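Fold and contact review
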Amino acid sequence: MKKISLSQIISFLFLIVMALIWLVPLIYGVLTSFKSEMELMTAGFKILPIEWVLTNYQELLVNNTSTPLVKWFFNSLFISVSHTLLVLVVVSLSAFAYSRLEFKGKKKLFSFLLATMMFPSVVNLIPLYKIVDILGWVNTPLAMIIPGAAGVFNIFLVKQFMDNIPKDFDEAAQIDGANDLTIFFKIILPLIKPVLLVVALFAFTSSWNDFLWPSIVFNDIEKMPITSGLQLLQGMYQSQPTLLMAGALIAIIPTFILYLFAQKYFLQSMSLSAGVKG
Amino acid sequence: MGTTMTLDKKKSKKITPWLFLAPHLIIFAIFFFIPVIFGIYISFTNWDLFNTPTFIGLDNYKELFFNSDSTFYEQLRIGLKNTFKFVIFSVPFCIAVPLLLASALNTKPKLAKIFQSIFYMPSLFAISAVVIIWKLIFNVNYGPVNNILNTDTPWTGTQPYAWIALVVVTVWWTIGGNMIIYQSALSGISKDFYEAADIDGATAVQKFFKITLPAIKGQILYTVVMTTIAQFNIYGQPLMLTEGGPNNSTRVLLMYIQQNAFGSGQSIAGIASAMAVVLGICIMCVSAIQFKFLKVED
C-alpha cells in the first residue's frame with residue numbers, strides 16, 4: 001500500500017473546500033434553471049427545486065421571438081468554427097515559412113511580429129471598427145471570423161513546435177523531388193497535428209467567449225453571437241433570474257463539452273504557452 | 001534552356017515563402033498594424049467615427065489631463081483610478097490562489113485530476129454567462145451567499161462589497177490557466193532539493209520560500225505580467241455585475257472608451273482614442289516595470 005503523507009492530507013482537505021467553492025455557483029445555477037420563477041421568489045432559500053420545470057428552457061428555445069437564443073447559438077457556432085479553420089490555415093502556412101523556408105529579412109520580420117505582441121490591443125479597438133465598417137462587415141460574421149486571425153502568438157507556438165522536427169525529413173523529400181508545398185502537406189502538416197489541435201481549441205473557445213468586440217460590431221439582434229445575446233437578455237429579463245440562468249447554461253454547453261473531450265490538450269496547451277515564455 | 005530553368009526555379013524559390021506568409025501578413029496589416037497606427041493618429045484629431053478626422057494636435061490630451069471642468073477629465077480620472085484599483089485588488093489573488101492550488105495538487109493527493117478539472121473549467125465560459133451565474137449567487141434576497149451567511153448584504157450595490165464581488169468573480173473565472181502553468185513548473189523541480197532541505201531540518205515555509213519560489217520564478221514573472229495586462233482590460237465584469245456602480249465607483253476606463261466611441265449619441269472617437277492610448281501606455285509601463293523589478297531580483 002502507498003503511504004499517505006501529512007502534506008497530502010492537508011492538501012486534500014484544502015482542495016475539497018476550494019472545489020466546493022468552485023462548484024457551488026455552477027451547480028446552484030443549473031438547479032435554478034429548473035426552478036419556476038414563482039418558486040425562486042417565494043419559496044425561501046432552497047437548493048433543490050421543489051418542482052423541476054422546463055419552462056425556462058422552453059421559453060428561451062421555443063416560445064421567445066424577441067430574444068432568438070437558438071439563432072444566437074448557431075451564429076456563434078458558425079463564427080467560431082469558421083474562425084478556427086481560418087486560424088489553422090493561416091498559422092500553419094506562416095509557421096512553415098518562418099521555420100523551414102529561407103527568404104530575405106526572415107529574422108527581422110519575425111522579431112518585428114513578436115514585438116507587436118507587446119502592444120496593447122485596446123489602442124486598435126476604435127480604428128478596427130472603422131475598417132470593418134468600410135469593408136461592410138458590421139453585423140456580419142466576417143467581423144469576428146477574420147480580424148482575430150491577425151494574432152502572432154499561435155504562429156510563434158507552431159513555429160517552435162516545427163523547429164523541433166528534424167530537417168532531415170524535408171531534405172530527404174527534396175532529394176526525391178518534392179517541392180515546398182508537398183513537403184508542407186505531406187510531411188510537416190501530419191507531424192504538427194498535436195500543436196494544431198491546441199491552437200484550434202484556443203481559437204474556438206476565445207472566439208466563442210469574445211465579449212467586447214462583438215458588442216461593438218453587432219447591433220442587429222438576429223445576427224449577434226450568443227455572448228452579446230446574453231448581455232441583451234440580462235438587460236431585458238433582469239427580474240427573471242431562472243430564465244437568465246437557462247440562457248447562461250446553454251451558452252456554456254459547447255465549450256464545456258469540448259473540454260470534456262479534449263481536457264488533456266487544454267491543460268497541455270496552457271503549460272505549453274508558458275513553457276515558451278518562462 | 002538549362003539556365004532559364006534554374007533562373008525560373010530561383011525566382012519561384014524567392015516567391016514561395018511569401019505565398020506562405022501572405023494570408024497572415026495581409027490580415028495582420030489590415031486588422032492590426034494599420035488600425036494601431038490609425039488609432040494613435042486619431043487620438044490627435046476630433047474624429048466622430050464617420051466624417052474626415054481633423055488634426056487638432058494635443059487638444060484631446062490637454063482636455064483629458066488639464067481641463068478640470070471637462071467631463072472627459074473626470075471620466076479619465078475615475079476610469080483610470082478604478083481600473084488601477086481593480087488590477088491592484090485582483091492580481092495578487094489571481095497569482096496566490098492558483099499557486100496554493102498548484103502546490104496542493106503537486107503533493108499528488110487523491111482525486112488530483114478531478115480537482116484540476118474543476119478549477120480550470122470556469123475559464124472556458126463566456127464572461128456574460130459567468131456574470132449571470134454570479135449575479136444570482138450574490139442576489140440580496142434569494143442568493144445562496146446571503147442565505148448561508150444569514151445577512152442581507154447588497155453585494156453588487158454597495159462598497160466595499162462591490163469590489164469584493166468583482167474580485168471573487170474574476171478569481172473564480174480566471175485562475176485555471178495560471179494554476180496549470182504553476183503545476184507544470186512545480187512538477188519540474190527536482191525532489192533532491194527538498195530531501196536535502198529535509199536533512200537540514202528546514203520547515204515547509206522555509207522550503208517554499210527558499211526552494212519552490214526561486215525555482216518557478218520565470219513562470220511567476222510570466223503570469224504576473226500576463227495577468228496584469230489581462231486585468232487592465234477589465235470590462236465585462238463591472239459592465240454586467242455592478243453596472244459601474246455604486247456611484248461610478250467601479251466604472252472602469254474601457255467602459256468610458258466604449259461609451260464615448262460607440263455609445264448612444266454623438267461619437268467622440270477622438271477623445272476615446274486618446275483615452276485608449278493613455279490606457280495602452282499605462283499597460284506598457286506597468287509591464288515594463290514588472291519585467292525590470294522581477295528580473296533584478298536574482
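Nothing here was measured: the structure is a model prediction, and the numbers come from that model.

Criteria and cut-off values
- Residues numbered from 1 in each chain as written.
- Chains lettered and ligands numbered in written order.
- Predicted model: local features only at pLDDT ≥ 70, side-chain atom pairs only at ≥ 80, totals over all residues.
- Heavy atoms only, no water.
- UniProt positions renumbered as here; feature names shortened; annotations may be inferred.
- Helix = DSSP H or I, 4+ residues; strand = E, 2+ residues; numbered from the N terminus.
- Contact = heavy atoms within 4.5 Å.
- Salt bridge = Lys/Arg side-chain N within 4 Å of Asp/Glu carboxyl O.
- Polar contact = N/O pair within 3.5 Å; in protein donor to acceptor, adjacent residues only side chain to side chain.
- Nonpolar A, V, L, I, M, F, W, Y, C, P; charged D, E, K, R; others polar.
- Buried < 20%, exposed > 50% of the residue type's maximum accessible area, 1.4 Å probe, protein only.
- pLDDT = per-residue confidence, 0-100.
- Phe/Tyr/Trp six-rings, centres within 6.5 Å; stacked < 30°, edge-to-face > 60°.
- Disulfide = S-S within 2.5 Å.
- Core = buried A, V, L, I, M, F, W, Y, C linked by side-chain atoms within 4.5 Å.
- Expected span 1.5 Å × (residues − 1).
- Bend = angle between axes of the 7 residues up to and from the residue.
- Axes fitted to C-alpha atoms, helices over the stretch in contact; angles between N-to-C directions.
- Parallel < 35°, antiparallel > 145°, perpendicular 65-115°, else oblique.

Regarding the UniProt feature "transmembrane region" (unreviewed entry) in chain A
Residue and element names in this part refer to chain A. Residues annotated in UniProt with the feature "transmembrane region" (unreviewed entry) correspond here to residues 12–31, 72–97, 109–129, 141–162, 183–204 and 243–262. Between the C-alpha atoms that bound residues 72–97 the distance is 37 Å, and the span itself is 100% helix and 0% strand. Strand forms 0% of residues 141–162 and helix 64%; the C-alpha atoms that close the span are 32 Å apart.

Notes on the interface of chain B and chain A
The interface is formed by 88 residues belonging to chain B together with 92 residues belonging to chain A. Summed over the shared surface of chain B and chain A, the number is zero salt bridges. Scanning the region where chain B abuts chain A turns up 14 residue pairs in polar contact (both at pLDDT 80 or more). Sorting elements by how many residues they give to the side of chain B that touches chain A places helix H1 (residues 2–42) of chain B first, with 21 residues. Its residues assigned to classes, the side of chain B that touches chain A comprises 67 nonpolar, 17 polar and four charged.

Focus: the side chain of Thr83(B)
Residues and elements named next belong to chain B. Looking at the secondary structure, you find Thr83 in helix H3 (residues 71–106). For Thr83, a relative accessible area of 1% corresponds to the buried category. In this structure, Thr83 is in contact with Phe232, Ile234, Val252, Leu253 and Leu279, ignoring residues within four places of it in sequence.

Looking at the confidence of the model for chain B
For any part of a model where pLDDT is low, the fine detail of the predicted coordinates should not be relied upon. Residue and element names in this part refer to chain B. On average, chain B scores 90 in pLDDT, and the residues at 70 or more come to 94%. Here H1 is the element of chain B with the lowest mean pLDDT, 83, and H3 is the one with the highest, 96. As a predicted assembly, this complex carries a pTM of 0.91 together with an ipTM value of 0.91.

Overview of the environment of Ile155(A)
By secondary structure assignment, the location of Ile155(A) is in helix H8 (residues 153–163). Distance in space between the C-alpha atoms of Ile155(A) and Tyr259(A) is 23 Å, their sequence separation being 104 residues.

Structural notes on unusual backbone geometry
Look at the link from Gln159(B) to Pro160(B): it is a cis peptide, with omega at 0°. As for its position among the elements, Pro160(B) is in the loop between helix H6 (144–149) and helix H7 (161–187). In this structure, Pro246(B) follows Gly245(B) across a cis peptide bond, with omega equal to -10°. Inspection of the secondary structure puts Pro246(B) in the loop between helix H11 (236–242) and helix H12 (253–262). Residues other than glycine seldom take positive phi values, yet Asn139(A) does so here, at roughly 65°. Mapped onto the fold, Asn139(A) is located in the loop between helix H6 (125–134) and helix H7 (142–145). You will see that Glu243(B), though not glycine, has its phi angle at about 50°, which is positive. Positionally, Glu243(B) belongs in the loop between H11 and H12.

Quick word on the side chain of Glu39(A)
By secondary structure assignment, the location of Glu39(A) is in helix H2 (residues 37–42). Excluding residues within four positions of it along the chain, Glu39(A) makes contact with Leu48(A), Pro49(A), Ile50(A) and Glu51(A).

Notes on the packing of aromatic side chains
All told, the structure shown has 39 aromatic pairs over all chains when counted by the stated rule. Note on Phe184(A) and Phe20(B): the rings are 5.6 Å apart at their centroids and 75° apart in plane angle, and the pair reads as edge-to-face. Of this pair, Phe184(A) sits in helix H10 (residues 180–191) while Phe20(B) sits in helix H1, each in a different chain. An identical accessibility class is assigned to Phe184(A) and Phe20(B); each is buried. Ring centres of Tyr259(A) and Phe266(A) lie 5.7 Å apart, and the angle between their planes is 65°; this geometry places the pair in the edge-to-face category. Its relative accessible area of 1% is what places Tyr259(A) among the buried residues. Exposure remark for Phe266(A): the relative accessible area of 0% places this residue in the buried category.

What to know about the state of the cysteines
Residues and elements named next belong to chain B. What the rule picks out here adds up to zero disulfides over all chains. Cys94 forms no disulfide, and the closest cysteine sulfur to it belongs to Cys282, at a distance of 19 Å. You can call Cys94 buried: its relative accessible area is 1%. We note that Cys282 lacks a disulfide partner, and the nearest cysteine sulfur, in Cys285, lies 6.8 Å from it. Judged by relative accessible area, which is 15%, Cys282 ranks as buried.

Section: the nonpolar core
Of all hydrophobic cores here, the largest spans 181 residues; its most connected members are Ile126(A), Phe119(B) and Ile257(B). With 15 residues, H3(B) is the single largest residue contributor to this core. The contact partners of Phe119(B), leaving out residues within four places of it in the chain, are Leu15(A), Met18(A), Ala19(A), Trp22(A), Leu101(B), Ile175(B), Gly176(B) and Met179(B).

What to know about H3(B)
Structural remark: α-helix, 3.6 residues per turn; residues separated by three or four positions point the same way. All names here are of chain B. A rise of 1.5 Å per residue sets the reference length of H3, with its 36 residues, at 52 Å; its end C-alpha atoms lie 52 Å apart and thus fit the reference within 8%. Helix geometry: H3 is bent most strongly at Ser90, by close to 30°, with proline Pro92 lying one to four residues after it. For H3, the N-terminal cap is Ser70; the gap from its side-chain oxygen to the backbone nitrogen of Phe72 is 2.9 Å. Remark: Lys108 follows H3 within two positions and exhibits a positive phi of approximately 55°.

Focus on the packing of H10(A) against helix H11 (residues 193–209) of chain A
Angle between the axes and distance between the axes are the two parameters that describe a pair of packed helices. Residue and element names in this part refer to chain A. Following both chains from N to C, one finds H10 and H11 inclined at 65°, their axes separated by 5 Å at the closest point. By the criterion of interaxial angle, the relationship of H10 to H11 is roughly perpendicular. Where H10 approaches H11, its residues Leu189, Pro190 and Leu191 are matched on the opposing element by Lys193, Pro194 and Leu196.

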